[in-house]
Amino acid sequence: MKNLSRLPLIIRHEFMAIAAKKSFIVMTILIPLICLACIGLPWLLTKINTGDQENVAFVDKSGRYGKALVDTEEFHFEDITPIGDTGLKDFFANTDHLYAIAVIPADIDSSLSITIYSDNAIRHSLQKHIENCLNDSLTQARIQSYGIPELDKILSESKAEVELNCIKWTDEGDEEESNADIAGIVGMILSMLTYMFVLMYGAMIMSSVTEEKTNRIVEVIVSCCKPIELMFGKIIGVGLVGLFQMAIWFILIIIASTIFGIGMISSQPDMMQQTAQIASTQETQEIITELTKGLSSINFTEIFICFALYFIGGYLLYGSLFAAFGSAADQPSDASQATTPMIMIMVFALWVGIACMENPDGNLAWWCSIIPFTSPIVMMVRLPYDVPVWEIVISVVILFATAVATTAMSAKIYRTGILLYGKKFSWKTMLKWLK
Amino acid sequence: MNFIEAKDVVKQYNGHLALNKVSIDVPEQSVFGLLGPNGAGKTSLIRILNMITQADSGEVLFNGHPIHESDIANIGYLPEERGLYKKMKVLDHIIYIARLKGMKKSDAVQTAYEWLKRFDLLNWQNKKIETLSKGMAQKVQFIATVIHRPKLLIFDEPFSGFDPVNAEQLKKEILRLHDLGSTIIFSTHNMSSVEEICEQIALINRSKVVLSGKVADIRRNFSRKLYSVNVTDTMQIDPVEGLFSIEHAEPSPMGGIMASIKIASGVPAHDVIAYLNEHHDISSFNEQFPSMNEIFIETVSNNQPDNIL
């Protein structure tokens, strides 16, 4: 390409064509809100629940375990043992403040079962709470029944928990701590990002191409510039829209979560205390140190450089193919049909990526991180597990070589496809256009 | 001198020969008609002339040199199938196309305003194209075609879809651009507009140029020696063996008789006039040149595969 002066114009136009659309702006704002709602709603719902305390009556025929049922924010327990367990149904019907009645049988020590009655579906939280209360007391009672002094203390002291330290010997002979879980999560997030980005914006490229073709503007445009310029303008323009959208989301999520977080804490001073208490416990501190250790064991510079490379390579590879399919079809529905095999490959790659977290050095994982159509997704999962540099280099080189080849091929198909009407989409004609 | 010239251009699509050694010469500042039935190869030729596609063989000379990418800034093309970015605003669309053609932004904006004013579309400049009527949208496309003041304008069926008033306005604008120095190529089936405005034509049929030259010359060459005669007396005009025959005769609404006569081959017209003058009171005597429409139909039907083989 000798003259690239028109490319920035086309990129700008393609960018604005999507980014200035109302639907784009709405979606960009709406999606983080939906995400927040998904996180925030369950929390809000529990808040609503604790608002009104439900009354639960119990009949304790054993005479020992009734006091084990302690009140919570959600439930208040009242003892109605004197009433006995006959005519409970009538009693319940005549008492309108009751939510449920629990009956603790006399032989609970051996039967280990209790019954709850209600005219409602019984809330899971109530079931859990009663279970927890009784389990503890019953266990204590059983331990005591052995008559061995200080048995409970012995038992708690004899509980063993193993801590795993994973050390990896590097080639330089150093020892390095590795944390598979955190590494896997980071890789998976980046891999998902690539997958979603390529799929979403690839489809956008395709619909943009088909739209220009169906409304015939393309003939005017290619009389002003080369088809390949138009195609690249589209791929780059749409890619920039994607990056722009992701940047907005990133910022919005940070802002929103900050506000949300502060709001949550300030609205509940006692909860803040609770959090502080929890944070001070040794267990939590251990988790935090482990997390930081795990995160620091991952080479982020390497991961992000590779992420950028795989991201760009994968987007170019698939984006150009999407453009080619878009140009070959007359109708948007034809085009999306034609891309099904491509999407299947991507889904497969994602599946391999997930499997890869279990075994990052397996054969399938290895091959899929070299094959260019799956490598942007699979390699991202493998990367945090210290993949040898030569493998990364080979994989990236193959990816970019293939991206260049598919772009050249797509440019050929695109050039012919956009000006040809009335041909039903077929693989055969597309192969012909390659010649 | 020829402004654009195609020499032995061959183009093949998937085994179908779209252009078979097509040559046309478009003189500078002429109005050139590219005629032909549907599927003859006109659009294929136009796409090669404005570098949308490449010829398989043959060459295109633009202003004397082999056509180059930089020349497309000097070409304006209005395709038959009209297309616009429906979601774009009128002014934005025009400016985008103008800038793709290499205009500076300020220049593009200024010229766009001039054209919008000329077509009475100034109030629509910030409206989305999808809200425009068909006629207005076509005007927007016309503006986008000519805004960069191209030296060569190619119009593929420019008048289709226009009402007579707008078609007339469009024709005026095209001829004004011609007067300002642009060379114009029309691709059309509309033969009356060809007779009216084209100086030269090339007729393409079945991937080949089957007829080309000046419109006046072609019509003369296709002369069938048919003349229309009007006489003021009511005496019947009789055919004369070896001189002329009567194709058709009827009383004229103005009084007298009008007739269509065919002069025998080799007989000069003035002999016939002399004869008629002796017997009748002639009020007019004109040669009936075939219309471009008749020439088109005749040429194309003579050029059917049966006649070639």
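Residues numbered from 1 in each chain as written. Chains lettered and ligands numbered in written order. Predicted model: local features only at pLDDT ≥ 70, side-chain atom pairs only at ≥ 80, totals over all residues. Heavy atoms only, no water.

## Notes on the domain arrangement of chain B
Domain assignment breaks chain B into domain 1 (2-220) and domain 2 (224-287). Each of domain 1 of chain B and domain 2 of chain B was reduced to a C-alpha centroid, and the two centroids are 44 Å apart. (Domains from an automatic or database assignment.)

## Some remarks on the sheet that holds strand β3 (residues 31-35) of chain B
All names here are of chain B. Taking strand neighbours across the sheet as the criterion, the six strands line up as β6-β7-β8-β3-β9-β10 in an open arrangement whose pairing is mixed. Edge positions in the open sheet fall to β6 (75-78) and β10 (208-214), since each of these has one partner strand only. Averaged over all neighbouring strand pairs, the angle between strand axes comes to 15°, with direction disregarded. Here β3 pairs with strand β8 (residues 183-188) via five bridges, running parallel. Its bridge partner lying in β8, leucine 35 is registered against threonine 188. (Pairing = 2+ DSSP bridges. Helix = DSSP H or I, 4+ residues; strand = E, 2+ residues; numbered from the N terminus. Axes fitted to C-alpha atoms, helices over the stretch in contact; angles between N-to-C directions.)

## Thoughts on the nonpolar core
With 105 residues, the main nonpolar core has Ile221 of chain A together with Ile4, Ile24, Leu45, Leu49 and Ile185 of chain B as its most contacted residues. In this structure, isoleucine 24 of chain B is in contact with Ile4, Glu5, Ala6, Phe32, Leu45, Leu49, Ala202 and Val209 of chain B, ignoring residues within four places of it in sequence. If you look at the next biggest cluster of nonpolar residues, it comprises 48 residues, including Met103, Val140, Ile197 and Val300 of chain B. (Core = buried A, V, L, I, M, F, W, Y, C linked by side-chain atoms within 4.5 Å. Buried < 20%, exposed > 50% of the residue type's maximum accessible area, 1.4 Å probe, protein only. Contact = heavy atoms within 4.5 Å.)

## Structural notes on the interface of chain A and chain B
Chain A puts 22 residues into the contact, and the matching count from chain B is 24 residues. Regarding the contact of chain A and chain B, the summed buried area is about 2,400 Å², with carbon and sulfur atoms giving 58% of it. Our count for the chain A to chain B interface comes out at four salt bridges. Across the pair glutamate 69 of chain B and arginine 6 of chain A runs a salt bridge whose closest N-O atoms are separated by 2.8 Å. Applying the counting criterion to the chain A and chain B interface returns eight residue pairs in polar contact (both at pLDDT 80 or more). Secondary structure elements with two or more residues in the side of chain A that touches chain B: α1 (6-19), α8 (217-222) and α18 (427-434) of chain A. Of the residues belonging to the side of chain A that touches chain B, the class tally is ten nonpolar, four polar and eight charged. (Buried area = accessible area lost by both parts, 1.4 Å probe. Salt bridge = Lys/Arg side-chain N within 4 Å of Asp/Glu carboxyl O. Polar contact = N/O pair within 3.5 Å; in protein donor to acceptor, adjacent residues only side chain to side chain. Nonpolar A, V, L, I, M, F, W, Y, C, P; charged D, E, K, R; others polar.)

## Points about the sheet that holds strand β2 (residues 75-79) of chain A
Residues and elements named next belong to chain A. The strand order β2-β1-β3-β4 describes an open sheet built from four strands, whose pairing is mixed. In the strand order of this sheet, the two ends are held by β2 and β4 (115-117), each with one partner. Ignoring strand direction, the axes of neighbouring strands in this sheet form an average angle of 25°. Direction of pairing for strand β3 (residues 98-104) relative to β4: antiparallel, over a ladder of three bridges. Within β4, the residue paired with isoleucine 101 across the bridge is tyrosine 117. In this fold helix α5 (residues 124-145) packs onto β1 (54-60), β2, β3 and β4, with an angle of close to 55° to the strand it touches most, β2.

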